[in-house]
Every structure is written in C-alpha cells, then in structure tokens.
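# Inside the fold
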Amino acid sequence: MLLLAAQEMDLLKVNPGLVVWTLVTFLVVVLVLKKFAWDVILKALDERADAVQNDIKKASELRSEAEALLKDYEARLNSAKDEANAVIAEAKSDALKLKTKLLEETNQEVKSQKDQAVKEIELAKGKALEQLQSQLVEMTITVAGKVLEKQLKAEDYKAFIETELDKLKKLSA
C-alpha cells in the first residue's frame, strides 16, 4: 500500500522534461494533422453539414408536398362523399317516384277491373230480370190461357194459382 501511495505521489509531481516532450509531441501531431488531415477533415465536416442541410430542406419540401397531397386527397374524398350522397338521394327519389307511379297504375287497374265487374254484374242482373219477366209473361199467358180454357170453381183456381206460384218460386230460386 505504501508503494501505491508512493506511485500516486509520483503522478502528481511535475516533471519539466516530461512537460517539454509532451508539448513538442503535441505540437508535432497538430502540425502533421494541420498539414495533411485538417483540410480533409474540415472539408468532410462541411460536406456533411451541407448534406444534412440538404436533407433537412428535402424533408421540409417532402413534408409540404405531403401536406398538399393530403389536403387534395381530403378535398377529393369530401367531393366523392358529396357525389355519393347526391347519387343516393337521387336513387331514393327515383325509387319513391317509381313506387308512386306503380301504386297509381295498380290502383287505376284495380278501379278499372272493379268498374268492369260492376258493369258485368249489372248486365247479368238486367239479363236475369229480362228472362224472369219473359218467363213471368209466358207463365201469365199460360195461366190465363188455361183459366180461359177451363171454367173452374174457386177452389180449382186457388189450387191452380198456388201451383203456378210454386213453379215461379222454383225458377227464381
């Protein structure tokens, strides 16, 4: 330990010869570096600084360009959304118009068919009434002819009329 303490003391002592040689070596190294490497190092550092500045400028330009492209993309996207909404609105409107048109056509067709059915029913009813009247006339003529042919008693007339009315009821039923 004493030896270590003694060595530490030697390190703290200033040796004038060692100082001179250290300074001479340092100056020689600085002169050699200045003569051969200093300009190259400064040139490399300047080139590196220029390259970094150029990279920063390019990055800034690229960022500006990217922001412009993003704004353009957003504008296009909004425009596309507006167009899509317009197309959807137009399609809904067209669908509503088509629905209304089809409903009107269907209602018109149903009304037409109903009117046609009512007309046919009226015609059939009229024909049935005509047939009934003609049969009634024929029966009345027949009854009158038979009444005139026979001179019957009141009871015979009554039975004859009831028979003919029963026939009429069967025909109309």
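Quick caveat, the model's predicted, so the values are computed rather than measured.

When its secondary structure is counted, the protein shows 3 helices and 0 strands. Tracing the protein from N to C terminus, the helices and strands come up as α-α-α. For the protein, with 173 residues in total, the buried portion stands at 3%. When the accessible surface of the protein is summed, it comes to about 16,100 Å², and 64% of that surface belongs to carbon and sulfur atoms.

Under the defined criterion, the tally for this structure stands at 2 salt bridges. Across the pair Arg-63 and Glu-67 runs a salt bridge, and its minimum N-O distance is 3.2 Å. Note that Arg-63 and Glu-67 are positioned in helix α2 (residues 16–149) at a spacing of 4 residues, about one turn of the helix. Put simply, Arg-76 and Asp-72 hold a salt bridge, and the shortest N to O gap is 3.1 Å. Residue Arg-76 and its partner Asp-72 are located together in helix α2, separated by 4 residues, close to a single helical turn.

So, on to the confidence of the model for the protein. Chain-level pLDDT for the protein is 84 on average; 85% of the residues reach the 70-or-more range. Highest mean pLDDT in the protein belongs to α2 (88); lowest belongs to helix α1 (residues 2–12) (59).

Thresholds, definitions, all that
Per chain, the residues get numbers from 1 upward, laid out in the order the sequence is written. Confidence filtering applies because this is a predicted model: local features only for residues at pLDDT of at least 70, side-chain atom pairs given and counted only at 80 or more, and all residues used for totals across whole chains, interfaces and linings. As a rule here, side-chain values cover all heavy atoms of the structure and leave hydrogens and water aside. Strands are runs of DSSP state E lasting at least two residues, helices are runs of H or I lasting at least four, and both sets are numbered from the N terminus onward. Here the term buried applies to any residue with accessible area under 20% of the maximum for its type, exposed to any over 50%, and partly exposed to those in between, with areas from a 1.4 Å probe on protein chains only. To be clear on the numbers: accessible area is Shrake-Rupley with a 1.4 Å probe, and residue cover counts the displayed protein chains and nothing else. One side-chain nitrogen of Lys or Arg within 4 Å of one carboxyl oxygen of Asp or Glu is enough to make a salt bridge. The quantity called pLDDT is the predictor's confidence in a given residue, expressed from 0 to 100.

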